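# A closer look at the structure
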Amino acid sequence: MFGGSRVTSPGREFVSISTAGVGAALSGLGTALGGSALSSCAGPSSASGGQEDRPVGFAFAGVGSLTRSQLLPALAETRYARPAGLITGSPDRAASVAAEQGIPASSIYAYDDMARMADNPDIDVVYVVTPNALHLEHALAAAAAGKHVLCEKPMATSVEECDAMIAGCEAAGVKLAVAYRLQFEAHHLEVMRLAREQTFGEIRIIEAGFGFRLGNPNQWRLDRELAGGGCLIDAGIYALQACRYISGEEPVEVMAQQISRDAARFSEVEESITWQMRFPSGLLANCASSYNARGMDRVKVYGENGWFGLEPAYRYGGLAGMRLDGEPLQFEHVNHFAAEMDDFARCILEDRESKVKGEEGLKDLRVIEAIYASAETGQAVAVA
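Thresholds applied
- Residues numbered from 1 in each chain as written.
- Predicted model: local features only at pLDDT ≥ 70, side-chain atom pairs only at ≥ 80, totals over all residues.
- Heavy atoms only, no water.
- Buried < 20%, exposed > 50% of the residue type's maximum accessible area, 1.4 Å probe, protein only.
- Helix = DSSP H or I, 4+ residues; strand = E, 2+ residues; numbered from the N terminus.
- Pairing = 2+ DSSP bridges.
- Right-handed = clockwise from strand over helix to strand, strands pointing away.
- Contact = heavy atoms within 4.5 Å.
- Axes fitted to C-alpha atoms, helices over the stretch in contact; angles between N-to-C directions.
- Parallel < 35°, antiparallel > 145°, perpendicular 65-115°, else oblique.
- Left-handed = near helix turned anticlockwise from the far one by under 90°.
- Nonpolar A, V, L, I, M, F, W, Y, C, P; charged D, E, K, R; others polar.
- 1 Å grid on protein atoms, 1.4 Å probe; cavity = no way out; pocket = protein on both sides within 12 Å on 5 of 7 lines; lining within 4 Å.
- Points joined across faces, edges and corners; volume = space filled by probe spheres on them.
- Polar contact = N/O pair within 3.5 Å; in protein donor to acceptor, adjacent residues only side chain to side chain.

## Looking at the pairing of strand 6 (residues 125-128)
Burial of the side chains of strand 6 extends over both faces: V125 and Y127 are buried on one face and V126 and V128 on the other. Alignment of strand 3 (residues 56-61) against strand 6, held across four bridges, turns out to be parallel. Along strand 6, the bridge assignment pairs A59 with V126. Pairing between strand 6 and strand 7 (residues 148-151): four bridges, direction parallel. Looking at strand 7, one finds that V128 is bridged to C151. Chirality of the crossover, the property in question, places the unit of strand 6, helix 5 (residues 135-144) and strand 7 among those that are right-handed.

## Section: the sheet that holds strand 11 (residues 272-278)
The strands making up a sheet associate through hydrogen bonds between their backbones, and the pairing can be parallel or antiparallel. Reading across from one edge, 15-14-13-9-12-11-10-16 is the order of the eight strands in this open sheet, with mixed pairing throughout. Since the sheet does not close on itself, it has two edges, and those belong to strand 15 (321-323) and strand 16 (381-382), each with one partner. For strand 9 (residues 203-211) and strand 13 (residues 297-303), the ladder comprises seven bridges, and the chain directions are antiparallel. Its bridge partner being in strand 13, F210 is matched across the sheet by D297. Strands in contact with helix 7 (residues 186-196) are strand 9, strand 13, strand 14 (306-310) and strand 15; relative to strand 14, the strand with the most contacts, it is inclined by about 160 degrees. On the sheet, helix 11 (residues 358-377) packs against strand 10 (253-259), strand 11 and strand 16 and is oriented at approximately 60 degrees with respect to strand 10.

## A short note on the pairing of strand 13
Of the two faces of strand 13, the one holding D297, V299, V301 and G303 is buried and the one holding R298, K300 and Y302 is not buried anywhere. Pairing analysis gives five bridges linking strand 13 to strand 14, with the strands arranged antiparallel. Residue pairing for strand 14: G303 is matched across the bridge by G306. Between strand 13 and strand 14, which pair antiparallel one after the other, the connecting turn spans two residues.

## Looking at the packing of helix 3 (residues 65-74) against helix 10 (residues 336-349)
Running from N to C, helix 3 and helix 10 cross one another at 60 degrees; their axes reach a closest spacing of 8 Å. When the axis of helix 3 is compared with that of helix 10, the two are oblique. Considering the relative orientation of helix 3 and helix 10, their crossing is right-handed. Residues L66, Q70, L71 and A74 of helix 3 touch helix 10, and the partners they reach there are F337, A338, E340 and M341. Looking at the contact of helix 3 with helix 10 residue by residue, the classes come out as six nonpolar, one polar and one charged.

## Thoughts on empty space enclosed by the protein
Left-over empty space is what a probe sized like a water molecule reveals as it rolls over the atoms. Going through the model one piece at a time under the given rule, you end up with two cavities of 30 Å³ or more. Roughly 70 Å³ of volume is contained in the largest cavity. In terms of lining, the largest cavity is formed by K153, Y180, R181, L182, Q183, I237, Y238, Q241 and Y245. Residue classes in the lining of the largest cavity are distributed as five nonpolar, two polar and two charged.

## Observations regarding the side chain of E360
As for its position among the elements, E360 is in helix 11. Residue E360 is classed as buried on the basis of its relative accessible area, which comes to 13%. Looking at E360, its side chain comes within polar contact range of the side chain of Q183, at 3.3 Å. Once residues lying within four places of it in the same chain are set aside, the contact partners of E360 are Y180, Q183, Q241, R244 and K355.

And the structure:
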């Protein structure tokens, strides 16, 4: 298992990371590049094994709650994607899930066995759903096997890891995207349109926040080594992303504060954090996130001549919009995960880049690192 022992949690199941594990994945990448097992991504025929009408096969690295309760069920609502494999540290759990999804036993892999996927033409994509600190390792292993990579957010736990993931996928000739599901959701697309078309004039202020009460105190999200941070990198990233894609700008400076009132529970990661971002146009964004506050789920945009926004804004369903002039901002629910997987499948079939390619995840981590630096120093920090 990439040099580590398997650890399980009530959430995603995972293996522990090690430097040796990343090195093994990089070594495997080099081997794949020199061999015929590496699949091409030159267009529909290569992505679908010569069968242009065959949906793109998705394997899932991690068979925890998100995969079982959201991702696999979402495949039933896709047009271009289908279940094709599982990568897990829990073979007993995977066997029952595979049987439910019609996945053959031969398409179940261990984390240290991902290289065998190179010989499985039914798998086109690996969707990485393991804890944050393992994303790089498992993405590189998938790329080494010649498989495209869709990675859960955050893409990784540092800018350095994001750079390595992008470089590894580029070297292998596979596509890389980050699972920013809300960039395919109608309410968010409409908020983006209202902002870009300046329906209420030039944007001046954005307020955004996402947080919740974290449950099980033994889960990996409270382990800095596995999570890379606390509420900011897990939940606050949604508010950060929203400010970026609504404005169409990249922040140039941040100022932040963080606190952990429950010091025993949040001894390794932050409990709550607030931050402000300044953009090149002069736009300001005020954001917040927490692991110990209910009902924080909003984005509101203030322009020269009015406001608009969403509340709830980030949950899997039930999103609701509003605007000052009373015009409707409400759309029929579409499964977010089905939409993101269908889009990535089409990117593969049509040989084009995703709008949420790896560089998008890298941009978020640049801002996140600046936010953490500001919270630690109490000073404004420029975004690199």
